[in-house]
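Observations on chain architecture
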Amino acid sequence: MSKTAVQKPSDEQYDASVLENPAQSVGHLLRDRISATPDLPAYSYPEGVAWGEMSWAQLGDRVWRLAAGLVDLGVVSEDRVAIASGTRIEWVLADFAINAAGGATTTIYPTTIADDVAFILENSGSEVVVAEDADQVAKLREVRDAIPGVRKVVVIDAEGIDGDDWVMSLDDLEERGRALLETSPDVVDERIDATQAGDLATIIYTSGTTGRPKGVRLLHSAWTYQGAAVAATGMLSSDDVQYLWLPLAHVFGKQLLMLTLATGMSTAIDGRIDKIVDNLAVVRPTFMAAAPRIFEKVYAKVSLGMEAEGGAKLKLFNWASGLGRAKAEAEQSGRSLGPGKSLQMGLADKIVLAKVRERFGGRIRFFISGSAALNPEVANWFNGAGLTILEGYGMTETSSAATVNRPYANKTGTVGWPLIGTEVKIAEDGEVLMRGPGIMQGYHNNPEATAETLDEDGWLHSGDIGEIDERGFLKITDRKKDLFKTSNGKYVAPSLIESTFKGLCPYVGQFLVHGEGRHFVTALVTLDEEAIQPWAQANGLGGASYQEIVSSAQARDMVQSYVDELNQGLNKWERIGKFTILGRDLSVEDGELTPSLKLRRKIVADKFKSDIDGMYAG
């Protein structure tokens, strides 16, 4: 095993002192935040046609009542309380309340099928479930016999639900807490004081592509470390406004909650993906985290819009975009554009790029991209437009972030430097290994899987292949298990090829590269249903259905042209020999993408096996 470690970042932005005395628990961190900035805005959220807002003190009042309600239900130290809900303010309140009561949150995506919900609840030993609405309650009732340990279901939106002894509303839980606090006003503070750094705070089940998911045990110390380590970079402060739409059942979403506690920044929260664009204009955030697919779709939409305009507007857009990319690339390599191009860049920014920024509210300082690789072409376009994207890297097993680029040290195509306190090194076979305070305790009730992932020296084996450059920037090249070898003995890294294609073709939805044990490489292609409509109109397919469009000769020729462009930059053994355009895009609902929009390779390959085999027939 290689002993080559990531070079320690030497930038002066780091404030290592914040890690010397981290908060003892999430509850301690929450209480400290409320005490430090009680009147600052904590969260805003949709409330009818407007936005409601609560200060840190107001948030604390609600969390204390809900925490006391959980105590009244009999929740004690490390008891698991599950949340099955989309991203909304009540998720935040429930999660903070669970930890303040000394319990541990089990996260469940609202799209999880009933059978998997039953497994997660039973495997985790969850005793209480906070469910979003009637649909989630119906799912729980469907599997009630399989979850005998669940004593109570607490419903956020209780409308349309038949009440019984098993189900109560969130309002009722809060009222029970209010009553308990009247007689025992210190009950929540006593629970917080009793919670230790080494106590269990969260169990997050990995969205595995095969078999049952594994429950990752994350301690209070992991979360308080995450908050302190990111705060140490100086990237965010109480002056920032976050827009949060990511699923809070995902580790990345949970980490963002810790950042609000550590920095005191305000957060606008709304998990409805179709409302992102509208909300950005209202919220005008300074910071937002997202998955690469969101940036790819925005890039494609803007580019296609300009293509449709054509003429002088398209030429102006391409000119400005080209200057922006050149500026971004120059800055990252320590060069300047030169006086002539700098003057042009100022003009381009004023008449074109500033309008792009306005689409995001006009105040974005930077984005964070995580969960999958972001195409460098897309990243440089955003960076050049003054919408800096900082890629980061982490896993559920590292309590989210392990490395991240900085606004003052950003290298496109890499995932940045490690957080202070985290060590990263590359094993002899290229696997990325990590060690530090954010590493999981292990997999819940699964010592065999824990031993396979955590070695005796505390190094987490990520399963990702990567490399570290001379400046200490980590680059992830592929998943170790996703690398495949063709029958010619050549290794192929599919995700790099897939990411490259998405940067070339603005119409693509998904692109899955295949070729294990085969004599050439193939791809399954889906086309984005929204992006393909204007193209269809311009190519004689106006009014055609999606299936008619994707099965047309015109669509095939269009995809072939982009595949040809892709192949020009690939080694001979990596080139796409054949491709098949599927009749629909892939989705979370059909189980082909994870809720964080990662491709579930094996499921897709199994589901479309006949299409893959057909490309190799004869």
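Structure's up top.
Residues numbered from 1 in each chain as written. Predicted model: local features only at pLDDT ≥ 70, side-chain atom pairs only at ≥ 80, totals over all residues. Heavy atoms only, no water.

1. Details of the sheet that holds strand β17 (residues 423-426)
- Strand order in the open sheet formed by 4 strands is β17-β18-β20-β21, with antiparallel pairing between adjacent strands. The sheet terminates laterally at β17 and β21 (474-479), the two strands that pair on one side only. Neighbouring strand axes in the sheet, compared pairwise and without regard to direction, differ in orientation by 50° on average.
- Inspection of the sheet shows strand β20 (residues 460-468) paired to β21 by 5 bridges, in the antiparallel sense. Counterpart to D464 in the pairing with β21 is R479. (Pairing = 2+ DSSP bridges. Helix = DSSP H or I, 4+ residues; strand = E, 2+ residues; numbered from the N terminus. Axes fitted to C-alpha atoms, helices over the stretch in contact; angles between N-to-C directions.)

2. Let's talk about a nonpolar patch on the surface
- A grouping of L316, L347 and I351 is seen on the molecular surface, where their side chains present a nonpolar patch of about 230 Å² in accessible area.
- According to the relative accessible area criterion, L347 is partly exposed, its value standing at 46%. (Patch = residues over 30% accessible without salt bridge, like charges linked within 9 Å, V, L, I, M, F, W, Y side chains within 5 Å. Areas by Shrake-Rupley, 256 points an atom, 1.4 Å probe, with all protein chains shown as cover. Salt bridge = Lys/Arg side-chain N within 4 Å of Asp/Glu carboxyl O. Buried < 20%, exposed > 50% of the residue type's maximum accessible area, 1.4 Å probe, protein only.)

3. A closer look at the side chain of T398
- Here T398 is to be found in the loop between β14 (389-395) and β15 (400-404).
- Looking at T398, the relative accessible area reads 3%, which means it is buried.
- A polar side-chain atom of T398 sits 2.9 Å from the main-chain amide nitrogen of M395.
- The contacts of T398, once residues within four sequence positions are left out, are Q226, M434, G438, I439 and L460. (Polar contact = N/O pair within 3.5 Å; in protein donor to acceptor, adjacent residues only side chain to side chain. Contact = heavy atoms within 4.5 Å.)

4. Some remarks on the pairing of strand β10 (residues 241-244)
- The alternating pattern of β10 places V241 and Y243 on one face and Q242 and L244 on the opposite face, and all of these are buried.
- Sheet topology note: the β10/strand β11 (residues 266-269) ladder contains 4 bridges and is parallel. Bridge pairing in β11 places V241 opposite S266.
- Once you follow β10 into helix α9 (residues 251-263) and on to β11, the crossover reads as right-handed.
- The sheet contact formed by β10 and strand β12 (residues 287-290) spans 2 bridges and is parallel. Across the sheet, the residue bridging to Y243 is M288, located in β12. (Right-handed = clockwise from strand over helix to strand, strands pointing away.)

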